[in-house]
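Each chain, letter by letter, is given below.
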Amino acid sequence: MLPLTFVVIVAAAVVGYATENTATNSSGGGDHSSFGKSGEAGQDPQDQDPAATAPAGDGNAYTPRRTEQNARVGAVFEKDDSGDHFCTASVVQSPGRNMLITAAHCAFDSDGKTPVDDLVFAPDYRDHDEPTGLWKVRKVVLDDRWTKSNDEDLDVAFLILDKKKGKQIQDVLGGNTLGIDRGFHNQVKITGYPTSRDTPISCQNRTTKFSNTQLRIHCTHFEGGTSGSPWLADYDPRSHTGTVIGVLGGHEGGGDEDDVSYAAYFDDDIAALYKRAQEAD
């Protein structure tokens, strides 16, 4: 069983795949104790089938197709993929080409007061298929204030990965940039992995201001397991790059309702944490 405060993230893809399609709603979680929108074990995943040929309307979740953009998002497991995935993460650009971003509560054991040391990342995970395999997390970088008080405005973590077959993850999948001080009103796409299913969901909508330090969004069916899901703005198909302006987490660990989610605002504190993660590599 996972510690009380885990949460995770993810997805993945390949260039040239079909456009993303709408889907039915997702099923509920299980009986695993969790924090915010971290996963709950105990129920078999139930996949959602595409129901149309175009993305759902703003605010409605749908099953995303495998694309290069989606391939950078994946599910987070503990130790290996034999258990339940409980959070989501995604690749962000870094000098070491080996960095993920997720929610801090996905990567910190509040009971033991230590970062989780056995996380693995499965990008583009679907129905137990892992196109690029599992990537081991070598180091977790958190703000010290999060580790002391679980400050919801600092619910962000950077994960440093080991190489796989001699390559860094950014060499294989590319990475998105990190957006600092992007304001509170942005059109974004969120992709995450509910623990209750073995395929990701996506949603597109506009963010709103919840407080001076928190973003809010309406997106249906973002339940347990979606913590750490990237809020991606300004994806450019020519450069194959978007900008992560938030990760699902923050207020109430991402929210206590499946259809309303939160993210800590990326300010100078997150910029400093990103710099420290690069230096820690």
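Residues numbered from 1 in each chain as written. Predicted model: local features only at pLDDT ≥ 70, side-chain atom pairs only at ≥ 80, totals over all residues. Heavy atoms only, no water.

Here we take up a negative patch on the surface. On the surface, a cluster of negative charge is made up of E152, E252, D256, E257, D258 and D259. Within the secondary structure, D259 is located in the loop between β15 (241-247) and β16 (260-264). (Patch = residues over 30% accessible without salt bridge, like charges linked within 9 Å, V, L, I, M, F, W, Y side chains within 5 Å. Areas by Shrake-Rupley, 256 points an atom, 1.4 Å probe, with all protein chains shown as cover. Salt bridge = Lys/Arg side-chain N within 4 Å of Asp/Glu carboxyl O. Lys, Arg positive; Asp, Glu negative; His and termini not counted. Charge placed at Lys NZ, Arg CZ, Asp CG, Glu CD. Helix = DSSP H or I, 4+ residues; strand = E, 2+ residues; numbered from the N terminus.)

Our focus in this paragraph is the state of the cysteines. Within the structure shown, the criterion is met by 2 disulfides. Each sulfur in the disulfide pair C87 and C106 lies 2.1 Å from the other. Between C87 and C106, the S-S torsion sits near -80°, and that sign places the bridge as left-handed. One end of the pair, C87, is in strand β2 (residues 87-92); the other, C106, is in the loop between β3 (99-102) and β4 (108-109), and 19 residues separate them in sequence. (Disulfide = S-S within 2.5 Å.)

This part takes up the nonpolar core. For soluble globular proteins, nonpolar side chains are generally found buried alongside one another. Of all hydrophobic cores here, the largest spans 26 residues; its most connected members are V76, L100, L119, F121, L142, L161 and I169. Every element with two or more residues in this core is listed here: β2, β6 (119-123), β7 (135-142), β8 (157-161) and α2 (169-173). For this core, the leading source of residues is β7, giving 4 residues. (Core = buried A, V, L, I, M, F, W, Y, C linked by side-chain atoms within 4.5 Å. Buried < 20%, exposed > 50% of the residue type's maximum accessible area, 1.4 Å probe, protein only.)

Interpreting fine coordinate detail is not advised for predicted regions of low pLDDT. Mean pLDDT over the protein: 85, with 81% of residues reaching 70 or higher. When the criterion is pLDDT under 50, residues 1-33 qualifies, and its contacts beyond four places in sequence or with other chains add up to 176 contacts. A low-confidence stretch, residues 41-54 (pLDDT under 50), is modelled with 49 contacts involving residues beyond four sequence positions or located in other chains. (pLDDT = per-residue confidence, 0-100. Contact = heavy atoms within 4.5 Å.)

Let us now look at the packing of aromatic side chains. In this structure the tally under the stated criterion is 5 aromatic pairs. Consider the rings of F77 and Y125, whose centres lie 5.3 Å apart with planes at 75°: the pair is edge-to-face. Here F77, found in strand β1 (residues 73-78), pairs with Y125, found in the loop between β6 and β7; they are 48 residues apart in sequence, far enough to count as distant. As far as burial versus exposure is concerned, F77 and Y125 are alike and both buried. Note on F158 and Y274: the rings are 5.3 Å apart at their centroids and 35° apart in plane angle, and the pair reads as tilted. (Phe/Tyr/Trp six-rings, centres within 6.5 Å; stacked < 30°, edge-to-face > 60°.)

The next subject is the sheet that holds strand β13 (residues 214-218). Strand order across the open sheet formed by 3 strands is β12-β13-β16, with antiparallel pairing between neighbours. Only two strands of the sheet have a single neighbouring strand rather than two, namely β12 (208-211) and β16. Within this sheet the neighbouring strands show an average axis-to-axis angle of 35°, counted without direction. Of the strand pairs in this sheet, β12 and β13 are connected by 3 bridges, and their pairing is antiparallel. Residue pairing in the sheet places S211 in a bridge with Q214 of β13. (Pairing = 2+ DSSP bridges. Axes fitted to C-alpha atoms, helices over the stretch in contact; angles between N-to-C directions.)

Inspection of the secondary structure assignment puts T243 in strand β15. Note on T243: relative accessible area 13%, which makes it buried. Sequence-distant contacts of T243, defined by excluding residues within four places in its chain, comprise T177, L178, G179, R182, W231, L232 and A233.

With that out of the way, let us pick up the pattern of salt bridges. Pairing between side chains of opposite charge can happen when their charged atoms approach one another. One pass over the structure, following the stated rule, counts 11 salt bridges. Measuring nitrogen to oxygen at the nearest pair gives 2.9 Å for the salt bridge that ties D143 to R145. Between D234 and R182 there is a salt bridge whose closest N-O contact spans 2.6 Å. Of this pair, D234 sits in strand β14 (residues 230-236) while R182 sits in the loop between β9 (177-178) and β10 (187-192), placing them 52 residues apart in sequence.

Let's shift gears to empty space enclosed by the protein. Enumeration according to the criterion identifies 1 cavity of 30 Å³ or more in this entry. Along the walls of the largest cavity sit Q69, N70, V73, N176, K189, T191, P230 and L232, which together make up its complete lining. Contributions of two or more residues to the lining of the largest cavity are made by β10 and β14. (1 Å grid on protein atoms, 1.4 Å probe; cavity = no way out; pocket = protein on both sides within 12 Å on 5 of 7 lines; lining within 4 Å. Points joined across faces, edges and corners; volume = space filled by probe spheres on them.)

Time to look at the sheet that holds strand β11 (residues 201-206). One open sheet accounts for 5 strands, arranged β9-β15-β14-β10-β11; its pairing is mixed. Each edge of the open sheet is held by one strand with a lone partner, namely β9 and β11. Two elements, β14 and β15, share 5 bridges in a ladder whose sense is antiparallel. Pairing of D236 across the sheet is with T241, part of β15.

A word on the environment of C106. Since its relative accessible area comes to 2%, C106 is described here as buried. For the pair C106 and D155, spaced 49 residues apart in sequence, the C-alpha separation works out to 9.1 Å.

Backbone geometry at H128 places phi at a positive 70°, although glycine is not the residue there. Position of H128 among the secondary structure elements: in the loop between β6 and β7. Among the residues examined, H128 registers a relative accessible area of 58% and is labelled exposed. One non-glycine residue, D234, adopts positive backbone phi at about 55°.

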